[in-house]
Amino acid sequence: MRLIPFALLMLCGAVQAAPEAVSLEQAGVLYEQHCQSCHGANRLGGAGPALLPESLSRIKPDEARAVIHNGRPASQMAAFGDRLNPAQIDALVSYLYQPAATPPTWSDADIRASHRILTDVDALPSTPQHSADPLNLFVVVEAGNHHVRVLDGDHFEELANFQSHFALHGGPKFSPDGRFVYFASRDGWISVYDLHNLTMIAEVRAGLNTRNLAVSNDGRWVLVGNYLPGNLVLLDARDLSLVKHIPTLGADGTQSRVSAVYTAPPRDSFVVALKDVKEAWEISYAGEPDFQPRRIEAADFLDDFSFTPDYRYLLATSRKALGGQVIDLDTGKAVTDIPLPGMPHLGSGIYWKRGGNWVFATPNVSKGLISVLDLQSWKLIKEIPTEGPGFFMRSHLNSPYAWTDVFFGPNNDAVHLIDKQTLEVAHTLRPMPGKNAAHVEFTNDGRYALLSVWDTDGALIVYDAKTLKEIKRIPMNKPSGKYNVGNKIEYAEGTSH
Ligand code: DHE
C-alpha cells in the first residue's frame, strides 16, 4: 500500500524537477514566433527550407538541434542558442519531426503563384556570350553553401557563381542544345538557367518534396516527380509555366509517390517509377501529346532506375526479391529479378562494353561492393569488393577505368579506379586524406576527370584521366555533383542520364 503514494510522489517529483518541460503545443507557438517568418506557415518553406518530416528525413534530430542552437554557416539560418533554452530547442525539434496538423497541400494555384520569370528569354542573344566551349562547360553544385558554379571545361576557370535554392538534388538536366540547364531542389523548386547568357530565366515551386525532373528530348517539356504531394507536374520548358499536374494513381486508385522520372530519348517518352504501387509508367511526348500514361505492371514497388543503352529495358531497384528488377519497355513485362544486394543509388550506375558485350555496374549504398551485370543475360558477372559502400560511379568512352567512391565508413576518403576489362581495382586514390571523396565527371573528350572532396573545406580536383596526376585544385564548400554539358546532352556512355 505504501508503494502507491511513493510512486505518485516520484511522478510529481519528476514533473516538478523538470519545470522547463515544453509541450508540443508550446513548441508550435515557438515555431510561429521564431521560425515561421522564414520557414513558412504550416512549415511549407519560404526564404528558408520546408521543415516537414518528409523534408527532414535526411537530417538526424541531433543535427537539427545543433543547427537551431548554432545556426548554419554560410546561410541565413541564425543561431537561437541565446534565445531558446535546451528544453525549448528539444521540443521544437520534436515538433518539426511530427506530421503537420493540417496535411500539406500544393495546388495548381500554389504552383502558379510561385512562378517567377526573372529574365525575358526572348530578349537575350541566342548564341553563347562567353568564349568557352559551350559543350564542355561544367555545372558544379556546391552543396555546402547552396551555390552553383559554371566552369569552363578547357581551363577550369569560373564563368559564373550563383545562389541556388536550398538543397538541390539529383543531376541537373539540359535542353537538347545545351543552352538551358534545369535544377530541382528537394523542396520542389525548379529553376532554369541560360548557359549562353549566364543568367537565371525562371523558377517555380512544383511541389513540396520533389524527387527529380526530366527534360523531353525535343526540349519542350519538363516533367517533375514529387513525393509530396505524390504527383507529376508538367511544365513548359521555355519558362517553367504550369501545363498540368498528373495525379499518380495506380490502376486500383491508390495514390503513389514518384520514385524517379527520366527521359528516354529514342522512345520520345518519359519513364516514371512509382513508389507505392507496383507500376512503371511511360508517357509519350511525341507529336501533339496528351500525356496519358501507359501503365506497365512491375513485379514490385520501384525505387530509382537506369536504362540499357538502347533504352529498351529499365533496371530498377526494388525492395524485395534480389533487390533489383528488369522491365521490358517494349513488351511492358517485368523480365527478371537481378541481384543488387545493397539498395544502389541506381541512377548513378553506368554501362560500358567489355569484350564486345554491354555490362552495367553500380555501387551499393549499404554494402562495400560494386555489382557488375551482363546486360544480355542479366547475370551477375562479379561483385567487386571496395573499402566501403559507395554512391556514385563514372567513366568515359575514352577511359579504361570506372571511378567509384567509397562514400560511407572510415575509408570514405578513397576512390577506386576499376579496370573496365579485368574488373579489378587498378588504383585507389586518396585525394585529401581524411576527407570524403565523391562523385566524378569527365570532360567531354575524356582527358580530365573532375572529383569532389565533399567537405566544408573541400575542393574540386582536376585529374589527368590517363596519368592520374592532379592538374588543378579549386577550393569549394562540399561540392557535390558536377555535370559536363556535352556528356549530358549526348547521354554519353559512362555518365548519368
Ligand atoms: Fe541522390 C541523384 C535518389 C540520397 C546526391 N539521387 C539521385 C537520383 C535519384 C536519387 C532518384 C537521380 C536523379 C536525377 O539525376 O535525375 N538520393 C536518392 C535517394 O533515394 C537517396 C538514397 C535518399 C534521399 O534522401 O533521397 C539519395 N543523394 C542522396 C544523398 O544523400 C546525396 C549524397 C546528397 C544530397 O545531395 O542529397 C545525394 N543524388 C545525389 C547526386 C545525384 C543524385 C549528386 C546526381 C548524380 C549524378 O551524377 O547525376
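In case you missed it, the structure is sitting above this.
Computed from a prediction, not measured in an experiment: that's the story for all the values here.

Here is what the cut-offs are and how they apply
- Residues numbered from 1 in each chain as written.
- Predicted model: local features only at pLDDT ≥ 70, side-chain atom pairs only at ≥ 80, totals over all residues.
- Heavy atoms only, no water.
- Core = buried A, V, L, I, M, F, W, Y, C linked by side-chain atoms within 4.5 Å.
- Buried < 20%, exposed > 50% of the residue type's maximum accessible area, 1.4 Å probe, protein only.
- Contact = heavy atoms within 4.5 Å.
- Near = heavy atom within 4 Å.
- Polar contact = N/O pair within 3.5 Å; in protein donor to acceptor, adjacent residues only side chain to side chain.
- Nonpolar A, V, L, I, M, F, W, Y, C, P; charged D, E, K, R; others polar.
- Helix = DSSP H or I, 4+ residues; strand = E, 2+ residues; numbered from the N terminus.
- Pairing = 2+ DSSP bridges.
- 1 Å grid on protein atoms, 1.4 Å probe; cavity = no way out; pocket = protein on both sides within 12 Å on 5 of 7 lines; lining within 4 Å.
- Points joined across faces, edges and corners; volume = space filled by probe spheres on them.
- Axes fitted to C-alpha atoms, helices over the stretch in contact; angles between N-to-C directions.
- Parallel < 35°, antiparallel > 145°, perpendicular 65-115°, else oblique.
- Left-handed = near helix turned anticlockwise from the far one by under 90°.
- Salt bridge = Lys/Arg side-chain N within 4 Å of Asp/Glu carboxyl O.
- Phe/Tyr/Trp six-rings, centres within 6.5 Å; stacked < 30°, edge-to-face > 60°.

Trainee: Looking at this model, I keep getting lost on the nonpolar core. Mind explaining?
Mentor: Where a protein is soluble and globular, its nonpolar side chains tend to be buried together. Counting 26 residues, the largest nonpolar core has Tyr 182, Ile 190, Leu 213, Val 222, Val 224, Leu 235 and Leu 240 as its most contacted members. Once you skip the residues sitting within four places of it in the chain, Leu 213 turns out to touch Lys 173, Tyr 182, Phe 183, Ala 184, Ile 190, Val 222, Leu 223, Val 224 and Val 261.

Trainee: In this structure, what is going on with the site of the ligand? I would like to understand it.
Mentor: Around the ligand, the structure places 21 residues, and the nearest of them are His 169, Lys 173, Arg 211, His 345 and Ser 496. Contacts to the ligand include Arg 58, whose side-chain N or O atom sits 2.8 Å from an oxygen atom. In this structure, an oxygen atom belonging to the ligand sits 2.8 Å away from a side-chain N or O atom of Arg 394. Split into classes, the residues belonging to the shell around the ligand amount to seven nonpolar, eight polar and six charged.

Trainee: I keep staring at the pairing of strand β33 (residues 479-484) and nothing clicks. Help me out?
Mentor: Two faces make up the sheet, and in a regular strand the side chains alternate between them. In terms of residue burial, β33 counts as a mostly covered element, since six of its six residues are buried. Sheet analysis places strand β2 (residues 137-142) next to β33, joined by four bridges and oriented antiparallel. When the bridges of β33 are listed, Val 139 appears paired with Tyr 483.

Trainee: Help me out: how do you make sense of helix α4 (residues 86-96) in this one?
Mentor: Helical periodicity: at 3.6 residues per turn, an α-helix aligns residues three or four positions apart in one direction. Those residues of α4 not exposed but buried are Ala 87, Gln 88, Ile 89, Ala 91, Leu 92, Val 93 and Leu 96. In this structure, the buried residues of α4 make contact with α2 (24-39) and α3 (61-70). Its side-chain oxygen at 3.1 Å from the backbone nitrogen of Ala 87, Asn 85 defines the N-terminal cap of α4.

Trainee: Help me understand the environment of Lys 488 in this model?
Mentor: Note on placement: Lys 488 falls in helix α6 (residues 485-489). Judged by its relative accessible area of 6%, Lys 488 is buried. Along the sequence, Lys 488 and Lys 173 sit 315 residues apart, while their C-alpha atoms lie 7.6 Å from each other. For Lys 488, the contacting residues outside a window of four places in its chain are Pro 172, Lys 173, Phe 174, Tyr 483, Thr 495, Ser 496 and His 497.

Trainee: I'm lost on the sheet that holds strand β6 (residues 180-184) in this one. Help?
Mentor: Each strand in a sheet pairs with another by means of backbone hydrogen bonds, the pair being arranged parallel or else antiparallel. The five strands lie next to each other as β1-β8-β7-β6-β5, forming an open sheet whose pairing is antiparallel. With one partner strand each, in any of the chains shown, β1 (116-117) and β5 (173-174) form the two edges of the open sheet. One ladder, built from two bridges, connects β1 with strand β8 (residues 199-205); its direction is antiparallel. For Arg 116, the partnering residue across the bridge sits in β8 and is Glu 203.

Trainee: Before we go on, may I ask you to explain empty space enclosed by the protein in this structure?
Mentor: Rolled over the atoms, a probe with the dimensions of a water molecule shows which regions are left empty. Enumeration over the complete set of coordinates arrives at two cavities of 30 Å³ or more. Considered as a void within the structure, the largest cavity measures approximately 120 Å³ in volume. Forming the walls of the largest cavity are Tyr 262, Phe 305, Ser 306, Phe 307, Gly 347, Gly 349, Ile 350, Tyr 351, Phe 360, Gly 494, Thr 495 and His 497. Counting residues per element, the ones that place at least two in the lining of the largest cavity are β17 (302-307) and β21 (350-354). The dominant element in the lining of the largest cavity, judged by the number of residues it contributes, is β17, at three residues. Looking at the lining of the largest cavity, its residues break down into six nonpolar, six polar and no charged.

Trainee: Could you clarify how one ought to interpret the packing of α3 against α4 in this entry?
Mentor: Helix-helix packing is characterised by the crossing angle of the two axes and by the distance between the axes. Where α3 contacts α4, the axes come no closer than 10 Å and their chain directions differ by 125°. Classified by the angle their axes make, α3 and α4 are oblique. Where α3 crosses over α4, the two elements pack in a sense that is right-handed. Each of Pro 61, Ala 64, Arg 65, Ile 68 and His 69 in α3 lies in contact with α4, whose residues at this interface are Ile 89, Asp 90, Leu 92, Val 93 and Leu 96. In terms of residue class, the contact of α3 with α4 is made up of seven nonpolar, one polar and two charged.

Trainee: What should I look at first to understand the pattern of salt bridges in this one?
Mentor: Opposite charge on two side chains lets them pair, provided their charged atoms get close. Inspection of every chain in the model, using the stated rule, returns 25 salt bridges. Among the ionic pairs, Arg 72 bridges to Glu 63, the shortest N-O distance being 3.9 Å. Look at Arg 72 and you get partly exposed, because its relative accessible area is 27%. Glu 279 is the partner of Arg 295 in a salt bridge, and the nearest nitrogen-oxygen pair spans 2.7 Å. One end of the pair, Arg 295, is in strand β16 (residues 294-297); the other, Glu 279, is in strand β15 (residues 279-284), with 16 residues separating them in the sequence. Taking the relative accessible area as the measure of exposure, Arg 295 reaches 42% and is therefore partly exposed. Judged by its relative accessible area of 8%, Glu 279 is buried. Residues participating in the shared-partner salt-bridge network are Arg 267, Glu 282, Arg 294, Arg 312, Asp 328 and Asp 330.

Trainee: Just checking my understanding: could you explain the packing of aromatic side chains for this structure?
Mentor: Each aromatic ring pair is characterised by the separation of its centres together with the angle its planes make. Per the counting criterion, the structure on display carries 21 aromatic pairs. An angle of 85° between the planes, with centres 4.9 Å apart, marks the rings of Tyr 262 and Phe 305 as edge-to-face. With a gap of 43 residues between them, Tyr 262 in strand β13 (residues 258-264) and Phe 305 in strand β17 connect regions that are remote in the sequence. Looking at Tyr 262, the relative accessible area reads 11%, which means it is buried. On the basis of relative accessibility, which here comes to 1%, the residue Phe 305 falls in the buried class.

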